[in-house]
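Structure assessment
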Amino acid sequence: MSQHASPRISVHGDGISTFAGVTDNTLSYYFDRSSATSGFSTADGTWWMKTVQLMGGSFVGNGSAHGSYVSMTGQYPAFLPGRIRKLQDGDVTPELILVYTGINDVIDNIELEPFRRDYAKMLENLKKFFPQAEIWCGTLVKGKGPVLYEMIKPQDLDNIEVYNEIIRDCVKEAGCKLADLAAQGVTYESMNLLHPNEAGMTTLANAWVKNLKGE
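Now for a quick tour of the structure.

**Focus: the packing of helix α5 (residues 112–129) against helix α6 (residues 160–174)**
- Look at α5 against α6: their axes get within 10 Å of each other, and the N-to-C directions meet at 35°. Both α5 and α6 take part in a crossing whose hand is right-handed. Seen from α5, the contacting residues are L112, F115, R116, Y119, A120, L123 and K127; seen from α6, they are V162, Y163, I166, I167, D169, C170, V171 and A174.
- The residue makeup of the contact of α5 with α6, split by class, is 12 nonpolar, no polar and three charged.

The structure is reproduced here in structure tokens:
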């Protein structure tokens, strides 16, 4: 359970956690113009902003990037200092950091040791930049919805639990906090088995809040 009332919250992730205008346009999956398929046209529709609101908190920053990876084997790895700096706003730093990333590593079957090494490096850098923050990391869960030809197939996520075990290990070793969404059986409504729609964002937000509040 988080120890903060009305916390200042930042989020770090991949395309699932973006919204253009809050995250860089070139690094965002969600835009106002995508509302016909996503069901929402502002950042208030995202899981992370819903979580901020449900926690009675305030939003600080977002280091998420569409198409990014945990491992430097992929592109734009999550441990990069330039990404982590985006979690603060001027002199305002987060009290809670919500980390939900790694699904692109799963889809591309990134080797496990580089994934472990770079997840640990991400947590090390987060703690270095924000030593007073509570860092909460979510295990990865699957979306449910249509299978589109240009997106992933169900079998692309068959090995998701192997990566979740690494996330659990890294979180424990770093002394961070775990939101074990996978162990709790969370699934969410999506547009393509990966990117949540409005209902899926609400599902994810409620799951995060349950963990943060220790319910």
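**Overview of the environment of L157**
- Position of L157 among the secondary structure elements: in the loop between β5 (143–144) and α6.
- If sequence neighbours within four positions are ignored, L157 has contacts with I103, V106, I107, K142, I152 and L193.

**Overview of the state of the cysteines**
- A full pass over the atoms with the stated rule returns zero disulfides.
- Not part of a disulfide, C137 finds its nearest cysteine sulfur in C176, a span of 5.4 Å.
- For the unlinked cysteine C170, the closest cysteine sulfur is that of C137, found at 8.8 Å.
- You can call C170 buried: its relative accessible area is 2%.

**Thoughts on the side chain of N104**
- In this structure, N104 sits in helix α4 (residues 103–107).
- Judged by its relative accessible area of 13%, N104 is buried.
- Discounting residues that sit within four places of it in the chain, N104 has contacts with D14, G67, S68 and Y69.

**Section: the nonpolar core**
- By size, the foremost hydrophobic cluster in this structure holds 62 residues, and its most contacted members are W47, Y119, L123 and L126.
- Put simply, the parts of the chain that give this core at least two residues each are β1 (8–13), α2 (47–54), β3 (96–100), α4, α5, β4 (134–138), α6 and α7 (198–212).
- In terms of residue count, α6 provides more of this core than any other element does, seven residues in total.
- Apart from residues lying up to four places away in sequence, L123 is in contact with I135, C137, C170, V171, A174 and C176.

Basis of the calculations
- Residues numbered from 1 in each chain as written.
- Predicted model: local features only at pLDDT ≥ 70, side-chain atom pairs only at ≥ 80, totals over all residues.
- Heavy atoms only, no water.
- Axes fitted to C-alpha atoms, helices over the stretch in contact; angles between N-to-C directions.
- Helix = DSSP H or I, 4+ residues; strand = E, 2+ residues; numbered from the N terminus.
- Left-handed = near helix turned anticlockwise from the far one by under 90°.
- Contact = heavy atoms within 4.5 Å.
- Nonpolar A, V, L, I, M, F, W, Y, C, P; charged D, E, K, R; others polar.
- Disulfide = S-S within 2.5 Å.
- Buried < 20%, exposed > 50% of the residue type's maximum accessible area, 1.4 Å probe, protein only.
- Core = buried A, V, L, I, M, F, W, Y, C linked by side-chain atoms within 4.5 Å.

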